[in-house]
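Remarks on the overall topology
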Amino acid sequence: MPEIPAGQSRTVLSLEEYRDEVLALVSGPTPAETVSTADPRALLGRVLADDVTSRAPVPAFANSAMDGYAVRWADLAVGASLHVVAEIAAGDRQDPTLGRGECAQIMTGAPLPRDADTVVPVEATRPAGATVTITQLPAHGRGAHVRGAGEDLAAGDTVCPAGTTLDPAWLAAVAAAGCPEVSVRRRPVLGIAATGDELVPAGSELARGQIYESNGTHLAATAVRLGAEVAATTVIPDDEDRFVAALDELSAGCDLVVLSGGVSVGVHDVARIVLGEQADGTFRHVRVQPGKPQGWARWRGRVPVLALPGNPVSTAVSFELFGRPVLDRMLGRPAAPLGRAVAAHGWSSPPGRRQLVPVRLSSDADGRLLAQPAHRRGSASHMVTSLAGADALAEVPEDTIDVVEGDVLTTRSLR
Ligand SMILES: Nc1nc2c(c(=O)[nH]1)N[C@H]1C(S)=C(S)[C@@H](COP(=O)(O)OP(=O)(O)OC[C@H]3O[C@@H](n4cnc5c(N)ncnc54)[C@H](O)[C@@H]3O)O[C@H]1N2
Ligand code: MOO
């Protein structure tokens with residue numbers, strides 16, 4: 001049996017110090033690849049490797065914002081009757097000539113005739129056969145209800161900068177700018193393994209001492225949501241030889257391996273033992289709660305491995321704090337901004353450790369964002385269901401032992 005290092009002998013680091021240490025596991029973003037914009041499902045959640053610029057002005061041409069009449073401002077007066085010489089629908093290519101006293105019936109989105117400068121909505125007119133009488137002048141004067149070419153974007157403008165995660169609104173902007181393809185980062189490929197003899201899959205009968213595995217599910221789903229590809233999610237028993245074999249298999253073709261469990265000081269904490277002895281693994285205590293024991297290594301000197309503590313909330317919080325920044329670096333994307341919320345009620349926090357509490361967010365009558373611990377019993381690292389329904393992690397500073405109702409806390413969105 002290898003000698004077990006006392007937990008206390010590990011170097012103790014702050015959240016930021018340990019995050020910077022694991023960030024050094026990756027040198028930079030994954031290579032770029034070109035993806036067609038034809039199927040938005042293929043691009044949702046992908047991260048741009050290069051700026052996207054507009055091929056054409058948006059709108060591409062001056063057009064009508066209303067169903068009504070395209071007119072020359074100089075012809076307008078209440079009671080004036082104009083001769084309707086054309087009808088222009090959206091998609092029409094015609095550009096009818098309008099002389100003095102002439103107008104064209106026009107639909108929303110249709111190109112404005114070169115000779116017109118203003119649109120009068122149909123509600124401000126009284127049509128009668130081939131003429132229309134103006135009953136009300138547009139309040140905005142000349143140019144009213146005309147959407148100018150390039151008002152939204154000029155040709156060559158940056159629509160979407162490198163590092164952007166493509167969500168539905170960004171995808172719509174890229175589509176409107178007419179880009180047939182974009183350059184995105186290759187999805188980082190993750191191998192995920194939960195370690196522990198006690199873990200069995202859902203559907204099995206639980207023998208004494210066994211529990212249903214849930215960390216692998218949480219890690220895999222989070223990684224996919226953050227833009228990674230999960231090559232495999234597996235369970236490794238607390239057996240050193242099987243751990244080595246499983247890691248060899250899992251790490252082949254992966255950019256990153258994420259493990260849960262076995263990083264503490266128990267005699268079966270196989271991740272710490274094998275990574276420590278065979279991969280020059282580095283094991284730390286981080287001044288956070290949950291998520292204190294952490295480890296990292298390069299398997300076979302090559303593939304980065306994050307070894308996260310096994311308590312379910314610890315695993316989830318650790319991945320947010322340390323896995324997510326590594327993925328962000330691989331994707332060339334900036335960290336998500338932090339938020340602020342007010343404690344909805346008081347709770348206690350351990351001295352000397354920054355507490356990260358899964359919270360639900362809501363607004364009070366004054367519009368303040370309130371943070372309410374997601375589990376009725378507050379924060380404890382084994383309560384897996386406290387994560388469900390949590391919108392964010394609220395941070396309690398290291399030197400605070402009593403959170404008081406109304407305290408302003410930093411939040412990290414889980415959405
Ligand atoms: N003597 C000490 N014991 C412990 C310390 C310490 O400093 N000294 N630290 C505690 C803290 S804090 C944490 S966090 C845990 C971390 O332990 P491990 O990473 O070794 O995790 P395990 O022992 O494997 O599991 C902990 C807990 O979580 C359950 N678990 C594990 N994996 C899964 C999974 N995939 N799905 C669901 N649940 C899982 C496991 O059954 C245990 O109950 O160590 C403390 N101990
Ligand atoms: O670090 Mo452990 O996660 O507090 O329970």
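Residues numbered from 1 in each chain as written. Chains lettered and ligands numbered in written order. Predicted model: local features only at pLDDT ≥ 70, side-chain atom pairs only at ≥ 80, totals over all residues. Heavy atoms only, no water.

Our working definition: UniProt positions are given in the numbering used here, feature names are shortened, and annotations may be inferred rather than shown by experiment.
Per an unreviewed UniProt entry, the protein goes by Molybdopterin molybdenumtransferase and derives from Janibacter alkaliphilus. Annotation of the protein in UniProt includes, under Cofactor (unreviewed entry), the sentence "Mg(2+)". What UniProt records for the protein under Pathway (unreviewed entry) is the sentence "Cofactor biosynthesis; molybdopterin biosynthesis."

Side note on the overall build of the protein
Using the following cut-off: Helix numbering and strand numbering both begin at the N terminus, where a helix is a DSSP run of H or I of at least 4 residues and a strand a DSSP run of E of at least 2. A radius of gyration in this sense is built from C-alpha atoms; the matching globule rule multiplies 2.2 Å by the number of residues raised to 0.38. Relative accessibility thresholds used throughout: buried, under 20% of the residue-type maximum; exposed, over 50%; partly exposed, between the two (1.4 Å probe, protein chains only).
Each helix and strand counted, the protein has six helices and 29 strands in total. For the protein, whose C-alpha radius of gyration is 30 Å, the value lies well above the compact-globule estimate of 22 Å for 415 residues. By principal-axis analysis of the C-alpha atoms, the protein measures approximately 100 × 50 × 40 Å. Expressed as a percentage of the 415 residues in the protein, the buried residues total 48%.

Focus: the site of ligand 1
Condition: We call a residue near a molecule or strand whenever a single non-hydrogen atom of that residue lies within 4 Å of it. A 3.5 Å cut-off defines polar contacts: any pair of N or O atoms within that distance qualifies, except that in protein one atom must be a possible hydrogen donor and the other a possible acceptor, and neighbouring residues in sequence count only when both atoms are side-chain atoms. Method for areas: the Shrake-Rupley scheme with a 1.4 Å probe, in which residue coverage is limited to the protein chains shown. Side-chain classes are defined by residue name, with Ala, Val, Leu, Ile, Met, Phe, Trp, Tyr, Cys and Pro counting as nonpolar, Asp, Glu, Lys and Arg as charged, and the others, Gly among them, as polar.
Looking at ligand 1, there are 22 residues lining it, with Glu198, Glu213, Ser214, Gly310 and Asn311 nearest. Contact between ligand 1 and Gly262: an oxygen atom at 3.2 Å from a main-chain N or O atom of the residue. Interatomic distance of 3.2 Å between a backbone N/O atom of Val263 and an oxygen atom of ligand 1. Computed on the free molecule, ligand 1 has an accessible area of 870 Å², of which 69% lies beneath the protein chains in the complex. Elements that contribute at least two residues to the shell around ligand 1 include exactly strand E16 (211-212) and helix H6 (312-331). Counted by class, the shell around ligand 1 contains nine nonpolar, nine polar and four charged residues.

Regarding the site of ligand 2
The environment of ligand 2 is made up of Pro290, Gly291, Lys292, Pro293, Asn311, Ser314, Arg353 and Ser381. Interatomic distance of 2.6 Å between a backbone N/O atom of Lys292 and an oxygen atom of ligand 2. Of the residues belonging to the shell around ligand 2, the class tally is two nonpolar, four polar and two charged.

What to know about the sheet that holds strand E7 (residues 102-106)
Spelled out, the test is: By definition, two strands form a pair when at least two bridges between them are found by DSSP. An axis is simply a line fitted to the C-alpha atoms; with a helix, the fit covers only the stretch in contact. Between two such axes, the angle follows the N-to-C directions and lies from 0 to 180 degrees.
In space, the six strands of this open sheet follow the order E8-E5-E7-E6-E10-E9, with mixed pairing throughout. The open sheet terminates on both sides in strands that have one partner only, identified here as strand E8 (118-121) and strand E9 (125-128). Direction aside, the axes of adjacent strands within the sheet are offset by 35 degrees on average. Looking at chain direction, strand E6 (residues 81-88) and strand E10 (residues 131-134) are connected through three bridges and run antiparallel. Paired with Leu82 across the two strands is Val132, which belongs to E10.

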